[in-house]
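A look at the structure
The chain contents come next:
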Amino acid sequence: MAFPHRPDAPELPDFSMLKRLARDQLIYILEQLPGKKDLFIEADLMSPLDRIANVSILKQHEVDKLYKVENKLALSSNEQLCFLVRPRIRNMRHIASLVNADKLAGRTRKYKFYACEMVLEEEGVYGDVSCDEWAFSLLPLDVDLLSMELPEFFRDYFLEGDQRWINTVAQALHLLSTLYGPFSNCYGIGRCAKMSRELWKELEEEEDGETRGRRPEIGHMFLLDRDMDFVTALCSQVVYEGLVDDTFRIKCGSVDFGPEVTSSDKSLKVLLNAEDKVFAEIRNEHFSNVFGFLSQKARNLQAQYDRRRGMDIKQMKNFVSRELKGLKQEHRLLSLHIGACESIMKRKTKQDFQELIKTEHALLEGFNIRESTSYIEEHIDRQVSPIESLRLMCLLSITENGLTPKDYRSLKTQYLQSYGPEHLLTFSNLRRAGLLTEQAPGDTLTAMESKVSKLVTDKAAGKITDAFSSLAKRSNFRAISKKLNLIPRVDGEYDLRVPRDMAYVFSGAYVPLSCRVIEQVLERRGWQGLDEVVRLLNCGELIFTDFAAKEDKASSESLRLILVVFLGGCTFSEISALRFLGREKGYRFIFLTTAVTSSARLMEAMSEVKA
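What counts and what doesn't
Residues numbered from 1 in each chain as written. Predicted model: local features only at pLDDT ≥ 70, side-chain atom pairs only at ≥ 80, totals over all residues. Heavy atoms only, no water. Helix = DSSP H or I, 4+ residues; strand = E, 2+ residues; numbered from the N terminus. Buried < 20%, exposed > 50% of the residue type's maximum accessible area, 1.4 Å probe, protein only. Areas by Shrake-Rupley, 256 points an atom, 1.4 Å probe, with all protein chains shown as cover. Core = buried A, V, L, I, M, F, W, Y, C linked by side-chain atoms within 4.5 Å. Contact = heavy atoms within 4.5 Å. Pairing = 2+ DSSP bridges. Axes fitted to C-alpha atoms, helices over the stretch in contact; angles between N-to-C directions. Parallel < 35°, antiparallel > 145°, perpendicular 65-115°, else oblique. Left-handed = near helix turned anticlockwise from the far one by under 90°. Nonpolar A, V, L, I, M, F, W, Y, C, P; charged D, E, K, R; others polar. pLDDT = per-residue confidence, 0-100. Salt bridge = Lys/Arg side-chain N within 4 Å of Asp/Glu carboxyl O. Patch = residues over 30% accessible without salt bridge, like charges linked within 9 Å, V, L, I, M, F, W, Y side chains within 5 Å. Lys, Arg positive; Asp, Glu negative; His and termini not counted. Charge placed at Lys NZ, Arg CZ, Asp CG, Glu CD. Expected span 1.5 Å × (residues − 1). Arc of directions from axis to C-beta. Phe/Tyr/Trp six-rings, centres within 6.5 Å; stacked < 30°, edge-to-face > 60°. Lys NZ or Arg CZ within 6 Å of the ring centre and 35° of its normal.

The next thing to look at is the overall build of the protein chain. A count of helical and extended segments in the protein chain gives 26 helices and 14 strands. Expressed as a percentage of its 611 residues, the buried residues of the protein chain come to 54%. Accessible surface, the protein chain as shown: approximately 28500 Å² in total, 50% of it carbon and sulfur.

Judged by nonpolar contacts, the single largest core of 169 residues is most densely connected at L176, Y240, L435, Y510 and F589. For this core, the leading source of residues is helix α7 (residues 166-180), giving eight residues. Residues within four places of L176 in sequence aside, it is in contact with F15, L18, L138, L146, G181, F183, L563 and L592. Judged by nonpolar contacts, the second largest core, of 14 residues, contains V85, I95, V119 and V129.

Looking at the secondary structure, you find S397 in helix α17 (residues 386-399). Relative accessible area serves as the criterion here: at 1%, S397 is assigned to the buried category. Separated by 42 residues in the primary sequence, S397 and Q439 have C-alpha atoms spaced 9.1 Å apart. Among all residues touching S397, those that are not within four sequence positions of it are G402, L403, L435, L436 and T437.

Another aspect to go through is the sheet that holds strand β6 (residues 139-142). Read across the open sheet, the seven strands follow the order β6-β7-β14-β13-β9-β8-β12; overall the sheet is mixed. The open sheet has two free edges, formed respectively by β6 and β12 (543-547), since each of these has just one partner strand. This sheet shows a mean twist of 20° between the axes of neighbouring strands, independent of strand direction. Bridge analysis of strand β7 (residues 145-147) against strand β14 (residues 588-593) gives three bridges, and the strand direction is parallel. Residue pairing in the sheet places S147 in a bridge with T593 of β14. Packed onto the sheet, helix α25 (residues 572-585) meets β7, β13 (561-567) and β14 and runs at close to 160° relative to β14.

Running from amino to carboxyl end, helix α23 (residues 513-524) crosses α25 at an angle of 30°, the nearest separation of the two axes being 9 Å. Taken together, the axes of α23 and α25 lie roughly parallel to each other. Crossing of α23 over α25 shows right-handed handedness. For the pair α23 and α25, contact is made by S514, C515, I518, E519 and E523 and by E574, A577, L578, L581 and K585, respectively. When the residues that make up the contact of α23 with α25 are grouped by side-chain class, the tally is five nonpolar, one polar and four charged.

Bringing the confidence of the model for the protein chain into the picture now. Across the protein chain, the average pLDDT comes to 85, with 85% of residues at 70 or higher. Across the protein chain, helix α9 (residues 230-234) holds the top mean pLDDT of 97, while helix α20 (residues 444-453) sits lowest at 46. In the predicted structure, residues 443-449 sits below a pLDDT of 50 and forms nine contacts with residues beyond four places in sequence or in another chain.

Counted by the stated rule, this structure contains 26 salt bridges. Between E241 and R283 there is a salt bridge; the shortest N-O distance is 3.2 Å. In this pair, E241 is assigned in helix α10 (residues 240-248) and R283 in the loop between α12 (277-282) and α13 (287-306), connecting sequence segments 42 residues apart. In this pair, the class of E241 matches that of R283, namely buried. Each of the salt bridges in this network shares a partner with another, and the network as a whole consists of D142, D144, E241, R283 and R579.

Where like charges cluster on the molecular surface, the negative patch consists of E198, E202, E205, E206 and E207. Along the polypeptide, E206 turns up in helix α8 (residues 191-206).

A few words on the packing of α17 against helix α18 (residues 405-419). The N-to-C vectors of α17 and α18 enclose an angle of 175°; their axes lie 11 Å apart at closest approach. In terms of axis orientation, α17 runs roughly antiparallel to α18. Taking contact as the criterion, the partners of P386, I387, S389, L390, M393 and L396 in α17 are, on α18, L411, K412, Y415 and Y419.

Along its 13 residues, helix α16 (residues 369-381) runs 18 Å from first to last C-alpha, staying within 8% of the 18 Å computed at 1.5 Å per residue. Every buried residue belonging to α16 is among S372, T373, Y375, I376, H379 and I380, and all of these are buried. Looking straight down α16, one finds its buried side chains confined to an arc of 155°; they lie on one side. Exposed side chains of α16 directed beyond 90 degrees from the buried face belong to E371 and D381. Each element contacted by the buried residues of α16 is listed here: α15 (353-365), α17 and α18. Taken from the residues just after α16, Q383 is the one with a positive phi, measuring 55°.

What follows deals with the packing of aromatic side chains. Counting across every chain of the model gives 19 aromatic pairs. A centroid spacing of 5.6 Å and a plane angle of 55° characterise the contact between F183 and W200, whose relative ring orientation is tilted. One end of the pair, F183, is in the loop between α7 and β8 (185-189); the other, W200, is in helix α8, with 17 residues separating them in the sequence. For the pair shown, F183 and W200 are each scored as buried. Among the aromatic residues, ring-to-ring pairing joins F153, F154, Y157, F158 and F230 into one connected group. Directly above the aromatic system of F544 lies the positively charged group of R197, at a separation of 4.4 Å from the ring centroid.

Taking 1.5 Å per residue, 15 residues should reach 21 Å; α7 reaches 21 Å between its end C-alpha atoms and fits that length. All of the buried residues along α7 are I166, V169, A170, A172, L173, H174, L176, S177, L179 and Y180.

Attention shifts here to unusual backbone geometry. Look at Q383: it is not a glycine, yet its phi comes out positive at around 55°. Within the secondary structure layout, Q383 lies in the loop between α16 and α17. With phi around 60°, N401 is a residue other than glycine that occupies positive phi space. Mapped onto the secondary structure, N401 falls in the loop between α17 and α18.

With that settled, the discussion passes to the environment of N71. With respect to the helices and strands, N71 occurs in the loop between β2 (63-68) and β3 (80-84). You can call N71 exposed: its relative accessible area is 73%.

Structurally, the position occupied by R51 is in helix α2 (residues 46-52). Of the buried charged residues, R51 lacks a salt bridge, with D50 as the closest side chain of opposite charge at 7.0 Å. In this view, R51 contacts K19, L139, P140, L141, C252, G253 and L271; residues no more than four positions away in its chain are not counted.

In structure tokens:
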């Protein structure tokens, strides 16, 4: 059922070292403020902190109480306060107001911040506090998945044009190359990827010689911008792990299963990784196969329990001491995943999931566009979900290279009437990001390109065409899809039990564009022969390839170990697709992402109306 790795597949590096480094640095920082102290933690750092240093470790280093940073006065009575926050202006202003409130009340305390300093200076409290930096940039969520836990990266960079996190990406890449040796071959596509690579190279040059001469453990590295493939991120996920994420929201590698899953009156936080043996076998599977597997697993488990009946005392003692604990744990996990499947089925049946998938497949293939548009209109009129309606509109826009002016106005008007005029700014954001655009009337762009082209050489004309295409935020999805064969042609029904290619992650309808690009570059050992694809992706000047120096040449085993860096987030569907490719070709993929994303998270990042 699970994707077993080939016997000749390379071993993954041990990434637990990253967690130990982050924990040791945090402990060192806490010890810079000796004595009892209260720790204030920003809400979105709580889950990563829990994975790195739990409450008992913090208590050992004299942390008395933990508080969530909220926009209200601190209730702490401790004389020493530590604030662990992201370097955001609003955080600094809030904390500065707490310090000023203490000063007005005539109270003197010691404050330690792990964030930016300029705002503290502006607010007149810089001399009252001490600052430090916790350089936490990589959190291992699984044996092959590293996250920077920066969900805001997507909006900050791809909407606001804020480049502050590029330095954090470069630092993360530098840390990996320091610990695991240089990367033999580096490929990238996208503006953010190019800037991250340039900054990372500068860091490498500053510490020249640190990795030189070391044998690389990771042979290839890919840097991909999220905006080179929005379609994959906008599609409904149908692999088990993706559906669990869409339904329950996997946060920092763990999920809260409610009473409807646990069959009790309590919720349960469950860590989802390779250590969960049941989950490890079904995580990458198409959902249609999961129930059958879990039923068979339950029967096998019952058979193992039934073996007790014919045992003598000695055998029973061995069974209890060696097997019973493991069987009980497996039984508990099996019950949870069966409960999760039932809950997913109920929700998807209620939403008429099959009709939704059918519409998505029609959009991907370019068939029945009128019927699909009518389905989206009905979805909006029924007020099913503001986020889902936006997602479908964006998918229609990108696959059709923008909406016709008539459709754009009609859908936008219906949406605002159905969900409220407060969503107006969201449409502006989606247009700026290239997710929901309106086609230029007539062929205005083509006419202008033609006029300009007559005045310049053919080579320059090609670059001008690329520039116009980029300005218009064209997706060119149909042309790219045809060029890379993203829509498989299958005689008969696609067999999801024995998948033939990566398209299984979308029920055989579509191969993720990002994954196909990686596959093609690996096969060709570079971008040769992909010029037209790169041009259609509007990335003509934004691809790069770096090859290692001769003394850093990798072994044949490390060349089959591939690091894929997603800037702006990656989905569990893409992770499952590349795991499948790895099994087929004898590769092992390691994933580094700014955060795990999904269609809902993407739309929420663009939305100006917070739930």
